[in-house]
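# Chains, contacts and geometry: an overview
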Amino acid sequence: VVRAQCATLGEVVPGIWLMYRWRFPLLCVAILAVSLRTSTGQGVPLPESQVPPGLRRWIGRDNCGEPRWVAFHNGLAEVVGRFNRFEFGPALGGLVALLVPVVQDPHVAFDCATAVSSAFGLAAQCAEQLQLPVLSARLRQLVAIFGSFDYQMKGEEYIDQSPWPVRWMDSMDGILRSMTMLKRHEVQVEPSRGFPVRQALAQSSSASGGSGSGGGKRVAIVSVCDYDAGATPLARLSQINKQAYAQKHGYDVFVYETSPYFEDPLAKLFVEPPSYRPAAWSKVDAILLALAEGKHDWVMWMDCDSFFMDPDVRLEDVAAAAEAEQCGAFNAAEKDDVTELQGLVKRWMDGPAGDLGWFEDLLDAQLERDGGSDGCGGPQELFGEPPRNRTLGLGDWLFRQRRPHVIASEDGLMLNTGIVLVRASAWSWRFFQQVRWMTFGRSPVTQHPWWEQTAMVYLLQLPFTLAHASGVAASVAPQDIGPTALHKGYASACFMFSQKHLNGYPPIVSSALKTHTTFETGDFIVSFSGCKVYSSQEVCNQLFLGYFFQVHDMRDFESDLALSLWL
């Protein structure tokens, strides 16, 4: 029913809800909240039989009255007193001290997500008062991560009437305001973020003296297209588009028609039936399956509802530009990532079934063999102590790498995982395994309205933002985070292009979602996520066909049986 409520808007067939992501979260999360209130007296509750089985244990669940959260509330009251006395630095330090022990375990943090959201919101206000607007924006993104969970599970009135100093719409207005400022600042500092990606890549290559060439790389493009061919031509159009682009550059392409499932010795730790796990998580399985093959240097995840629109742009050049900006003259040939990955995967697949500790030891041993050096400037300096949790993946491996292993973009809200380029490396294997681990057992992250995106933010951003906030409070962090600073607020192993570079949106979507960049002629990729929310299936189908035939010749497909209905 959760999927059906938003699928009614998106005409999403069962199993491919992952295609409609948080590119339009406020609307869909609002629908979920209205539909699923069962214990707060807000509206008529749904019969339990209509609630998706995986969600039933979380809807209306409220643990905020437990002693842990009573103590948290008392600590927050002390911080509010400091804030009201204009002691913003000490207030920020007090908030970090409250948050770190809680967020180290997402099972604890999401037990009273409204409390955590309120603390991050107050931390963002402290950062604003300290003239650190980018740090404030990063903290507000974490407000949204935690607030949206309780918004889905308990509703807006629960949040607004709780004893915690937070209101849902105020927090959403805050993140939109902060991120609008941040995106404008990024373009001012780096004007190439506003250029089409081909122009930006040419500028990057020129600035690096031509050293950014990434030719000769083996690349795999991975997607899942599970759409009803009788309702939309999208799946067939997407498959053709991706295959044509891959053929032009000698890449491999894997388009799954149903959600893939990665089977390894840890798969038995999924204690719930596969049907309980939202389909969005199959993105992680698809990436791990491609990495496990050990045949490629880079793996690109691309949502089915996205088309390549500038086929002359090469993915290895995109990766090389990210590496050149991050590492300068570092020679990637010095490190054989694929061979190292192959060895790790072999040991992994031979490991004991279900023994999580054994795999933690294996990953730590791999880290020690690497010696912590990647030839790209050494470990990332942190000005404060980040939260740590070995099993969750909050540890040294996150902080040691400067080379980009995950290349994505950030929309006007936060990390956008519709297009992700992944280096085939031991680091990437560990990262996506740790993301996957967040769904073992009965985990709140599994049912979070933003699914794998939440897990990725939990690893790539949360520890770095809190560490810098800790340094600010202790007066050892010299400046704000951001594009011109030593730290950007997330892991150095993650490189963020602008949204224009990787996934602009048709005007019908971007005009409704003010946080999303409009696709313009000459841009690399167009994404249609959210189209059906703001229009009809018929309009979206015409959009798919219109954009497709901007880069393909209609005459080549007149005999294609799958497209005959639509042509």
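## Re the state of the cysteines
- Evaluation of the coordinates by the stated rule reveals three disulfides.
- Here Cys 64 pairs with Cys 112 through a disulfide, and the sulfurs are 2.0 Å apart. Its S-S torsion of about 105° marks the bond between Cys 64 and Cys 112 as right-handed, since a negative value means left-handed. Residue Cys 64 is found in the loop between α2 (25-36) and α3 (67-84), and its partner Cys 112 is found in the loop between α5 (106-109) and α6 (113-129); the two are separated by 48 residues along the sequence.
- Exposure remark for Cys 64: the relative accessible area of 12% places this residue in the buried category.

## What about the nonpolar core?
- Ranked by size, the top nonpolar core spans 121 residues in total, and within it Phe 120, Phe 146 and Phe 431 carry the most contacts.
- In terms of residues, this core owes the most to one element, helix α7 (residues 133-153), which gives twelve residues.

## Regarding empty space enclosed by the protein
- Applying the stated criterion across every chain, the model contains ten cavities of 30 Å³ or more.
- When its volume is computed, the second largest cavity comes out at roughly 120 Å³.
- Lining the second largest cavity we find 15 residues, and of these Arg 193, Pro 483, Lys 488, Tyr 490 and Met 496 sit closest to its centre.
- Of all elements in the fold, only α7, α9 (168-189), α13 (315-327) and β7 (494-498) reach the threshold of two or more residues within the lining of the second largest cavity.
- Considering every element that reaches the lining of the second largest cavity, the biggest residue donor is β7, with three residues.
- By residue class, the composition of the lining of the second largest cavity is seven nonpolar, two polar and six charged.

## Overview of α3
- Its 18 residues place the ends of α3 26 Å apart at the C-alpha level, agreeing with the 26 Å of an ideal helix rising 1.5 Å per residue.
- Restricting attention to buried positions, one finds in α3 the residues Trp 69, Phe 72, Gly 75, Leu 76, Val 79, Gly 81 and Phe 83.
- Looking at the packing, one finds that the buried side of α3 touches α4 (88-103), α5 and α6.
- Positive backbone phi, approximately 65°, marks Phe 86, located one or two places after α3.

## Quick word on the pattern of salt bridges
- Enumeration according to the criterion identifies 35 salt bridges in this entry.
- Here Asp 285 and Arg 277 are joined by a salt bridge, their closest N and O atoms 3.1 Å apart.
- Of the charged contacts in the structure, one is a salt bridge between Lys 500 and Asp 523, with a shortest N-O distance of 3.0 Å. On the criterion of sequence distance, the pair formed by Lys 500 in helix α20 (residues 499-502) and Asp 523 in the loop between α21 (507-510) and β8 (525-527) is long-range, its members being 23 residues apart. Exposure class is identical for Lys 500 and Asp 523. Each is buried.
- Several salt bridges share partner residues, and in doing so they unite Arg 138, Lys 183, Glu 186, Glu 190, Arg 193 and Glu 410 into one network.

## Digging into the packing of helix α14 (residues 337-349) against helix α15 (residues 356-370)
- As a packed pair, α14 and α15 sit with axes 11 Å apart at the nearest point and diverge in direction by 160°. One element, α14, and the other, α15, form an angle in the roughly antiparallel class. As for the relative orientation of α14 and α15, their crossing is right-handed in sense. Residues Glu 340, Leu 344, Arg 347 and Trp 348 of α14 form the contact with α15, whose participating residues are Trp 358, Phe 359, Leu 362, Leu 363, Gln 366, Arg 369 and Asp 370.
- Across the contact of α14 with α15, the residue classes break down as six nonpolar, one polar and four charged.

## Digging into the sheet that holds strand β2 (residues 252-256)
- Judged by pairing direction, the sheet is mixed, and its six strands sit side by side in the order β2-β1-β3-β6-β5-β7 without closing on themselves. Whereas interior strands pair on both sides, the edge strands pair on one side only; in this sheet they are β2 and β7. Geometrically, the sheet is characterised by an average inter-axis angle of 25° between neighbouring strands, direction not taken into account.

## Some remarks on the side chain of Ser 136
- Note that Ser 136 resides in helix α7.
- Here Ser 136 is in contact with Ala 124, Ala 127, Glu 128 and Ser 178, once residues within four sequence places are set aside.

## Brief notes about the packing of aromatic side chains
- Throughout the structure, instances matching the rule amount to 36 aromatic pairs.
- Geometrically, the ring pair formed by Phe 86 and Phe 88 is edge-to-face, given 6.1 Å between the ring centres and 75° between the ring planes.
- For the ring pair Phe 495 and Phe 497, a centre distance of 4.9 Å and an interplane angle of 70° mean the geometry is edge-to-face.
- Since its relative accessible area comes to 8%, Phe 497 is described here as buried.
- Here a set of aromatic residues connected by ring pairs shows up, and it is made of Tyr 261, Phe 262, Phe 270, Trp 348, Trp 358, Phe 359, Trp 429, Trp 437 and Phe 440.
- Geometry around Trp 58 places Arg 57 over its ring, the cationic atom sitting 5.2 Å from the centre.
- Cation over ring: Lys 154 sits above Tyr 158, and NZ or CZ is 5.1 Å from the ring centre.

The rules we used
Residues numbered from 1 in each chain as written. Predicted model: local features only at pLDDT ≥ 70, side-chain atom pairs only at ≥ 80, totals over all residues. Heavy atoms only, no water. Disulfide = S-S within 2.5 Å. Helix = DSSP H or I, 4+ residues; strand = E, 2+ residues; numbered from the N terminus. Buried < 20%, exposed > 50% of the residue type's maximum accessible area, 1.4 Å probe, protein only. Core = buried A, V, L, I, M, F, W, Y, C linked by side-chain atoms within 4.5 Å. 1 Å grid on protein atoms, 1.4 Å probe; cavity = no way out; pocket = protein on both sides within 12 Å on 5 of 7 lines; lining within 4 Å. Points joined across faces, edges and corners; volume = space filled by probe spheres on them. Nonpolar A, V, L, I, M, F, W, Y, C, P; charged D, E, K, R; others polar. Expected span 1.5 Å × (residues − 1). Contact = heavy atoms within 4.5 Å. Salt bridge = Lys/Arg side-chain N within 4 Å of Asp/Glu carboxyl O. Axes fitted to C-alpha atoms, helices over the stretch in contact; angles between N-to-C directions. Parallel < 35°, antiparallel > 145°, perpendicular 65-115°, else oblique. Left-handed = near helix turned anticlockwise from the far one by under 90°. Pairing = 2+ DSSP bridges. Phe/Tyr/Trp six-rings, centres within 6.5 Å; stacked < 30°, edge-to-face > 60°. Lys NZ or Arg CZ within 6 Å of the ring centre and 35° of its normal.

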